[in-house]
Amino acid sequence: MTNVAYVALACGFIIAFGALGACIGIGIMGSKYLESAARQPELMEPLQTKMFLLAGLIDAAFLIGVGIAMMFAFANPFA
């Protein structure tokens, strides 16, 4: 395999594992939000605000990984 093939494989791993981690993280966070909202319904609105803020941060981390993978895919410094 050439260096370009290794870079393409690494980009695929970056995107795949980033998406997997983001999906698992948002799923766990959503389940904990529903559990806490069922226990204390009066705290639902402040918890919802914090949940959406954290969901945005989790997605931002995944999109940064996608950006780095695309940088390696299209402006490959190893080729």
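It should be noted that the structure appears before, not after, this text.
Here we summarise the structure given alongside this text. (Residues numbered from 1 in each chain as written. Predicted model: local features only at pLDDT ≥ 70, side-chain atom pairs only at ≥ 80, totals over all residues. Heavy atoms only, no water.)

So, the overall build of the protein
Then comes step 1: Looking only at helices and strands, the protein features two helices and zero strands.
Then comes step 2: Taking 79 residues into account, the globule formula puts the C-alpha radius of gyration at 12 Å, and the protein, at 18 Å, lies well above it.
Then comes step 3: In terms of its C-alpha atoms, the protein occupies a principal-axis envelope of roughly 60 × 20 × 10 Å.
Then comes step 4: Here the protein holds 79 residues, and 14% of them are scored as buried.
Then comes step 5: Taking all contacts inside the protein whose residues are at least 6 apart in sequence as the whole, residues at least 24 apart take part in 74%. (Helix = DSSP H or I, 4+ residues; strand = E, 2+ residues; numbered from the N terminus. Rg over C-alpha atoms; globule rule 2.2 N^0.38 Å. Buried < 20%, exposed > 50% of the residue type's maximum accessible area, 1.4 Å probe, protein only. Contact = heavy atoms within 4.5 Å.)

Section: the pattern of salt bridges
Pairing is possible between side chains of opposite charge, provided their charged atoms come close.
Then comes step 1: With the rule as written, the count across this model stands at one salt bridge.
Then comes step 2: Here glutamate 35 ties to arginine 39 by a salt bridge, and the two come within 3.9 Å at their closest N and O atoms. Of this pair, glutamate 35 and arginine 39 both sit in helix H1 (residues 3-39), four residues apart, which is roughly one turn of the helix.
Then comes step 3: For arginine 39, a relative accessible area of 67% corresponds to the exposed category. (Salt bridge = Lys/Arg side-chain N within 4 Å of Asp/Glu carboxyl O.)

Brief notes about H1
Then comes step 1: With 37 residues, H1 should cover 54 Å at 1.5 Å per step; its first-to-last C-alpha distance of 54 Å lies within 8% of that length.
Then comes step 2: Looking at the buried side of H1, the elements it contacts are helix H2 (44-74). (Expected span 1.5 Å × (residues − 1).)

Examining the environment of tyrosine 33
Then comes step 1: The topology assignment puts tyrosine 33 in helix H1.
Then comes step 2: For the pair tyrosine 33 and alanine 16, spaced 17 residues apart in sequence, the C-alpha to C-alpha distance is 26 Å.
Then comes step 3: When residues no more than four places from it in sequence are discounted, the contact partners of tyrosine 33 are Met44, Leu47, Gln48 and Met51.

Side note on the nonpolar core
Grouped burial of nonpolar side chains is what soluble globular proteins tend to show.
Then comes step 1: Counting five residues, the largest nonpolar core is built from Met29, Tyr33, Ala37, Met51 and Ala55.
Then comes step 2: Counting residues per element, the ones that place at least two in this core are H1 and H2.
Then comes step 3: Top element by residues in this core is H1. It accounts for three residues. (Core = buried A, V, L, I, M, F, W, Y, C linked by side-chain atoms within 4.5 Å.)

Side note on the environment of leucine 63
Then comes step 1: For leucine 63, the position within the fold is in helix H2.
Then comes step 2: Overall, leucine 63 belongs to the exposed group, its relative accessible area being 55%.
Then comes step 3: As a C-alpha pair, leucine 63 and alanine 22 span 41 residues in sequence and 9.8 Å in three-dimensional space.

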